[in-house]
Number of protein chains: 6
Amino acid sequence: MKISARNQFHGKIVGIEKGATTAHVRIDIGGTIVTASITNNSVEELKLAVGGSAYAVVKASDVMVAVD
Amino acid sequence: MKISARNQFHGKIVGIEKGATTAHVRIDIGGTIVTASITNNSVEELKLAVGGSAYAVVKASDVMVAVD
Amino acid sequence: MKISARNQFHGKIVGIEKGATTAHVRIDIGGTIVTASITNNSVEELKLAVGGSAYAVVKASDVMVAVD
Amino acid sequence: MKISARNQFHGKIVGIEKGATTAHVRIDIGGTIVTASITNNSVEELKLAVGGSAYAVVKASDVMVAVD
Amino acid sequence: MKISARNQFHGKIVGIEKGATTAHVRIDIGGTIVTASITNNSVEELKLAVGGSAYAVVKASDVMVAVD
Amino acid sequence: MKISARNQFHGKIVGIEKGATTAHVRIDIGGTIVTASITNNSVEELKLAVGGSAYAVVKASDVMVAVD
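Residues numbered from 1 in each chain as written. Chains lettered and ligands numbered in written order. Predicted model: local features only at pLDDT ≥ 70, side-chain atom pairs only at ≥ 80, totals over all residues. Heavy atoms only, no water.

Q: Help me understand the interface of chain C and chain A in this model?
A: Quoted interface sizes are often the accessible area lost when the parts come together. Listed by partner, the interface residues are 16 residues for chain C and 16 residues for chain A. Sorting the residues of chain C by area buried against chain A places C:Met1, C:Arg6 and C:Leu46 first, and these three jointly supply 40% of that buried surface. Viewed at the interface, chain A and chain C are joined by 2 salt bridges. For the pair chain C and chain A, the interface holds 8 residue pairs in polar contact (both at pLDDT 80 or more). The set of elements that each furnish at least two residues to the side of chain C that touches chain A consists of strand E1 (2-3), strand E4 (32-39), helix H1 (40-45) and strand E5 (53-58) of chain C. (Contact = heavy atoms within 4.5 Å. Buried area = accessible area lost by both parts, 1.4 Å probe. Salt bridge = Lys/Arg side-chain N within 4 Å of Asp/Glu carboxyl O. Polar contact = N/O pair within 3.5 Å; in protein donor to acceptor, adjacent residues only side chain to side chain. Helix = DSSP H or I, 4+ residues; strand = E, 2+ residues; numbered from the N terminus.)

Right, dumping it as structure tokens:
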């Protein structure tokens with residue numbers, strides 16, 4: 001499946017913290033850590049595990065820009 | 001100002017494409033290009049320009065995870 | 001690619017309206033029309049066209065619930 | 001109240017899973033199951049219950065498009 | 001219709017700027033100006049007009065917190 | 001840091017409810033209560049506390065408009 005989201009970054013899962021219904025997954029993208037907040041169900045269905053390969057996917061309309 | 005968004009990545013602006021009301025800004029984060037869809041007004045107020053330094057900022061709840 | 005988004009609905013593209021930078025794509029999911037606002041670039045890269053098959057994809061945290 | 005969100009789909013609640021602060025509500029829209037991640041407080045205030053009638057509401061800018 | 005979004009603020013429309021497909025609507029909520037980016041179609045269907053009464057509606061998962 | 005988000009409202013924190021991984025923070029903006037759903041980690045890193053000063057920050061593309 002190819003998706004319209006402009007931002008799709010490949011990396012390695014370095015952390016999974018499960019809550020009651022929501023999990024926080026951390027992916028290392030070439031040294032940058034991206035944090036995703038997804039459902040526990042998604043973690044299970046995609047069989048996400050620390051050390052595994054994964055993509056962080058973000059729609060362009062969800063990215064903000066900041067300056068110092 | 002410090003913001004709660006888990007994902008704040010520093011880079012350099014490599015492209016700005018303005019539409020009628022919405023602009024697409026591309027930021028190079030260590031070789032990865034992040035695309036942000038923001039208002040033209042924001043581009044002007046933050047004085048964003050190609051070659052300038054900027055951060056891409058994304059809330060964790062807006063990040064999805066994908067696997068091959 | 002398999003993605004964590006809980007909502008992935010298969011249907012047929014029934015409308016594409018391109019703006020300056022942003023396009024509105026309408027997908028018929030079993031009689032229900034879903035409207036997506038995505039970049040013109042995505043429309044081109046995915047070669048979206050009226051009559052074509054496509055999925056509408058939505059993260060669970062972006063769905064609200066309403067009652068009468 | 002009428003809202004600007006382009007996507008408003010009527011259906012029946014088929015599942016409510018409450019977490020510590022966040023609940024996952026599943027709505028059957030003509031055979032398609034839509035999952036919404038909302039606050040526990042919203043579930044209570046709207047008196048959502050399995051079997052009840054409800055709408056899934058999604059802003060167009062939160063819908064992505066994918067192709068096989 | 002009652003909606004699960006935690007944030008629903010009543011005010012008066014003080015500006016509407018239409019682009020090619022996307023409009024920016026500004027609502028004065030007791031002296032605070034809230035800017036919404038919605039489709040031109042929504043502006044027309046809801047018959048939004050400067051001076052009219054309206055609500056700004058935001059899902060809690062789309063609100064960030066910042067400190068100085 | 002200055003951010004592109006069109007909506008940045010200053011107020012006072014009047015409530016923090018922590019869940020397993022997600023917290024709900026309520027900010028009083030001149031009498032209007034804004035609710036933000038953010039990670040527990042953000043609450044800790046920003047040292048958010050009831051009574052403290054804070055901003056609610058929302059991207060324009062995450063604001064909807066409703067009418068009666």
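Q: Just to check I follow, could you spell out the interface of chain B and chain A for this structure?
A: Facing the 30 residues of chain B at the interface are 30 residues of chain A. When chain B packs against chain A, the two sides together hide about 2,700 Å² of surface, and 65% of this comes from carbon and sulfur. The interface formed by chain B and chain A contains 0 salt bridges. Applying the counting rule to chain B against chain A returns 10 residue pairs in polar contact (both at pLDDT 80 or more). Elements represented by at least two residues in the side of chain B that touches chain A include exactly strand E2 (7-18), strand E3 (22-29), strand E4 (32-39), strand E5 (53-58) and strand E6 (64-67) of chain B.

Q: I tried to follow the relation of the copies chain C and chain A on my own but got confused; where do I start?
A: Look at the two chain copies: a rotation about an axis and a shift along it is all it takes to match them. With an RMSD of 0.0 Å, the operation that places chain C on chain A is a rotation of 180 degrees combined with a shift of 0.0 Å along the axis. In short, the pair behaves as if placed about a two-fold rotation axis. When C-alpha positions in chain C are compared against the rotation axis, the closest is assigned to C:Met1, at 2.6 Å. A symmetric contact is evident, with 100% of the interface residues of chain C recurring at the interface of chain A. (Least-squares fit on C-alpha atoms with pLDDT ≥ 70 in both.)

Q: Is there a simple way to think about the relation of the copies chain B and chain A in this case?
A: Each copy superposes on the other: chain B lies on chain A with an RMSD of 0.0 Å after a rotation of 180 degrees and an axial shift of 0.0 Å. Comparing contact sets, 100% of the residues at the interface of chain B also lie at the interface in chain A, consistent with an isologous, same-surface contact.

Q: Can you walk me through the pairing of strand E6 (residues 64-67) of chain C in this structure?
A: Regular strands place their side chains on alternate faces of the sheet. The alternating pattern of E6(C) places C:Met64 and C:Ala66 and C:Val65 and C:Val67 on opposite faces, both of which are buried. Of the strand pairs in this sheet, E6(C) and strand E5 (residues 53-58) of chain D are connected by 3 bridges, and their pairing is antiparallel. In the sheet register, C:Met64 faces E5(D), and the bridge partner there is D:Val57. As judged from the 2 bridges shared by E6(C) and strand E1 (residues 2-3) of chain E, these two strands associate in the antiparallel manner. Residue pairing across strands places C:Ala66 opposite E:Ile3, the latter belonging to E1(E). (Buried < 20%, exposed > 50% of the residue type's maximum accessible area, 1.4 Å probe, protein only. Pairing = 2+ DSSP bridges.)

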